[in-house]
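The chain contents come next:
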Amino acid sequence: MAFQITVFVVMAALLAWVLGGTLFPRPAVGLQDGEVQMAGWDWCWEAQTSPEGHAIDWYLVRRPMGSDEGPWSRVSGGGPFAAVEPLQATGPLESSSGQFTTRVWIRTSPSASTTLTVHADGRAILDQSVATVD
């Protein structure tokens, strides 16, 4: 009996592998179209589904500009968020420390959003103010 159970488990795992899946679901990950270039980096939103597929979380990711096949890395403080606005190529702002920063919009509800201040060094800070979206 133990031999039959072992054979069944091995065959089920092989069938799942052949069909391109796994016995244990993994989250699906994808990038939103429209990357933005700022301060020597390409910036983009990465969407990740939960293993059950019931929710999507968004993360701000970056990679060195021009490395088309290079890996994307998640920005510290850049997610997860339930909803985001598409990235826009707005001009960077210069902070008091002389570092370049920019802001991206995070949707907090169907009628409101807030901004995420993104620093060129890869840090992101969620702004506390909530602005109404038309």
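Our subject in this report is the structure included herewith. A quick note: this is a predicted structure, and the numbers were derived from the prediction, not measured.

1. Some details on the overall build of the chain
Tallying secondary structure elements over the chain gives 1 helix and 10 strands in all. Listing every helix and strand of the chain by position from the N terminus yields α-β-β-β-β-β-β-β-β-β-β. In the chain, which comprises 134 residues, the share counted as buried stands at 29%. Sequence-distant contacts in the chain: of pairs separated by 6 or more residues, those separated by 24 or more amount to 32%. Here the chain displays about 8,900 Å² of accessible surface, and carbon together with sulfur accounts for 61% of that area.

2. Brief notes about the pairing of strand β4 (residues 56-64)
As defined by bridge partners, strand β3 (residues 41-49) adjoins β4 across 9 bridges and the pair is classed as antiparallel. Bridged to Ala 47 within β4 is Trp 58. In terms of strand pairing, β4 meets strand β5 (residues 73-74) through 2 bridges, oriented antiparallel. Note that in β5 the partner of Arg 62 across the bridge is Ser 73.

Rules used throughout
Residue positions are given per chain, counting from 1 as you read along its sequence in written order. Given that the model is predicted, a residue must reach a pLDDT of at least 70 before its local features are reported, and side-chain atom pairs must reach 80 or more before they are shown or counted; all residues, however, enter totals for whole chains, interfaces and linings. For side-chain calculations, the full set of non-hydrogen atoms in the structure is used, while hydrogens and water are omitted. Per the convention used, a helix needs a DSSP run of H or I reaching at least four residues, while a strand needs a run of E reaching at least two, with both numbered from the N terminus. Note on exposure labels: buried denotes an accessible area under 20% of the residue type's maximum, exposed denotes more than 50%, and partly exposed covers the range between, all computed with a 1.4 Å probe on protein chains only. Here a residue-residue contact requires only that any non-hydrogen atoms of the pair lie within 4.5 Å. All accessible-area figures derive from a Shrake-Rupley calculation using a 1.4 Å probe, and residue coverage is judged against the displayed protein chains alone. Following DSSP output, two strands are said to pair if at least two bridges run between them.

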